[in-house]
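Architecture and fold: a report
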Amino acid sequence: MSALFENYGKRRAKIVKGQGTVVEDSAGKKYLDFTSGIAVVSLGHAHPAIVKAIHDQSQKLWHISNLFDIPGQEKVAQKLIANTHFSYAFFCNSGAEANEAAIKLARKHTGKNHIITFENSFHGRTFGAMSATGQDKVHNGFGPLVEKFTILPFNDVAALETTIDDSVAAIMLEMIQGEGGVNSVSPEFAAAIAKVCDDKGILLIIDEVQTGIGRTGTKYAFEQTILKPNIVTLAKGLGGGFPVGGMLGTAELYETFSPGTHGTTFGGNPLAMSVAETVLDHVFAAPFLQNVQELSTYFVKQLKTHLPSTYTVQGQGLLLGIGCGDIEVASYIAAAEEKGLLLVGAGPNVIRLLPPLTVSKAEIDEAIAILKTILL
Ligand SMILES: *Cc1c(COP(=O)(O)O)cnc(C)c1O
């Protein structure tokens, strides 16, 4: 009998090791990993530069506490904010924690507590982040939730405009809803958000926990829109598999997070920072991001060529989705696993495609060949 709570529905494959895009189970069967541990293993499994970073740093200093200067935090922060409108970073351990920091910062900075979020969003499982999340299945049984989150329909300009008033501290959203169905913010909605934030002095928090760090072909997904968030949250891809989260903020927010206002024991420890620095040295290089865009164009073209036109192709960069209409995708995902391709769902009707950002065209071709046999 297992000694674990059954809070996760477990997949069949028992994965024991990985290299690049390929993982192997305990019986020696190989799979193409088009989940990347849900957009985490951005440089692929066991990337030699990350192995080296962990090895080297582990022999110097793993942890010292944020009571002391951690030079790695300054280096990673500088890389994250370079050529952006952000001035400061805060480090934590997960996406939910990054969003908690953002919610706290927005409330304290504005002196207001009302935050607008959207249906089918996902912001994490802690109380604040869960309350911000627009999915009943995430809330059920855990109430009362944190107050003052209003969850509006996504991409609905009229609903946004009629709800906004002087009580609103912030709007919080994902540029592409990852868990909620690979749904992109429409240009009209982005324009409406930019306008209400501007008119009313409302803070904009963009949750780039899934879309950030090169996943959509640019450093951050918001760069491809007119939006200029005051706060961005990060996690998944930032550590390439090592748990680390982060929050970036603009200069005006500096005074609000003064000494003693917020913190975490493990956040930004030297080991985590050595890994994040290595990830950014790779992913933020222009040719690397250019390659992600090329791979994306190729992948989308192959999907559109080889799948029946009843399926829709959604998303950007290497955060793609195959929309299957009303069909539940769980059995497709199980069938793909059987044939050596790991996939994950996004909501009940969308197959999410999240290969490592280092995936090859040959691996994309292999994935397409398997998808063709499943999606008839
Ligand atoms: C995964 C995810 C989170 C939660 O991150 P954890 O590290 O699991 O806490 C928050 N927001 C988005 C958009 C995510 O995809």
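Everything below is about the structure shown above.
What counts as what
- Residues numbered from 1 in each chain as written.
- Predicted model: local features only at pLDDT ≥ 70, side-chain atom pairs only at ≥ 80, totals over all residues.
- Heavy atoms only, no water.
- Core = buried A, V, L, I, M, F, W, Y, C linked by side-chain atoms within 4.5 Å.
- Buried < 20%, exposed > 50% of the residue type's maximum accessible area, 1.4 Å probe, protein only.
- Contact = heavy atoms within 4.5 Å.
- Helix = DSSP H or I, 4+ residues; strand = E, 2+ residues; numbered from the N terminus.
- Polar contact = N/O pair within 3.5 Å; in protein donor to acceptor, adjacent residues only side chain to side chain.
- Axes fitted to C-alpha atoms, helices over the stretch in contact; angles between N-to-C directions.
- Parallel < 35°, antiparallel > 145°, perpendicular 65-115°, else oblique.
- Left-handed = near helix turned anticlockwise from the far one by under 90°.
- Nonpolar A, V, L, I, M, F, W, Y, C, P; charged D, E, K, R; others polar.
- Arc of directions from axis to C-beta.

**Overview of the nonpolar core**
Counting 78 residues, the largest nonpolar core has L80, L160, I171, I213 and I322 as the members making the most contacts within it. Excluding residues within four positions of it along the chain, I171 makes contact with I116, F118, L160, I164, I193, V196, C197, I202, L203, L204 and I205. Counting 18 residues, the second-largest nonpolar core is a separate cluster that includes I103, A132, L203 and I231.

**Brief notes about the environment of N269**
Counting through the fold element by element, N269 comes out in the loop between β12 (245-249) and α9 (270-283). Owing to a relative accessible area of 12%, N269 belongs among the buried residues under this scheme. Counting along the chain gives 127 residues from N269 to F142, while the straight-line C-alpha distance between them is 32 Å. Setting aside residues up to four positions removed in sequence, N269 forms contacts with W62, H63 and I70. Here A272 takes part through its backbone nitrogen, which lies 3.0 Å from a polar atom of the side chain of N269.

**Details of the packing of helix α3 (residues 71-81) against α9**
Remark: α3 packs on α9, axes separated minimally by 9 Å, with the N-to-C direction vectors making an angle of 25°. Between α3 and α9, the crossing angle belongs to the class labelled roughly parallel. Seen along the crossing, α3 lies across α9 with a hand that is left-handed. Across the interface between the two elements, G72, Q73, K75, V76, K79 and L80 from α3 touch M273, A276, E277, L280 and D281 from α9. When its residues are assigned to classes, the contact of α3 with α9 shows five nonpolar, two polar and four charged.

**Details of helix α2 (residues 48-58)**
Of all the residues in α2, the buried ones are I50, A53 and Q57. One face of α2 carries all of its buried residues, which in axial projection span an arc of 55°. Among the exposed residues of α2, those oriented more than 90 degrees off its buried face are P48 and K52. The inward-facing, buried residues of α2 abut α9.

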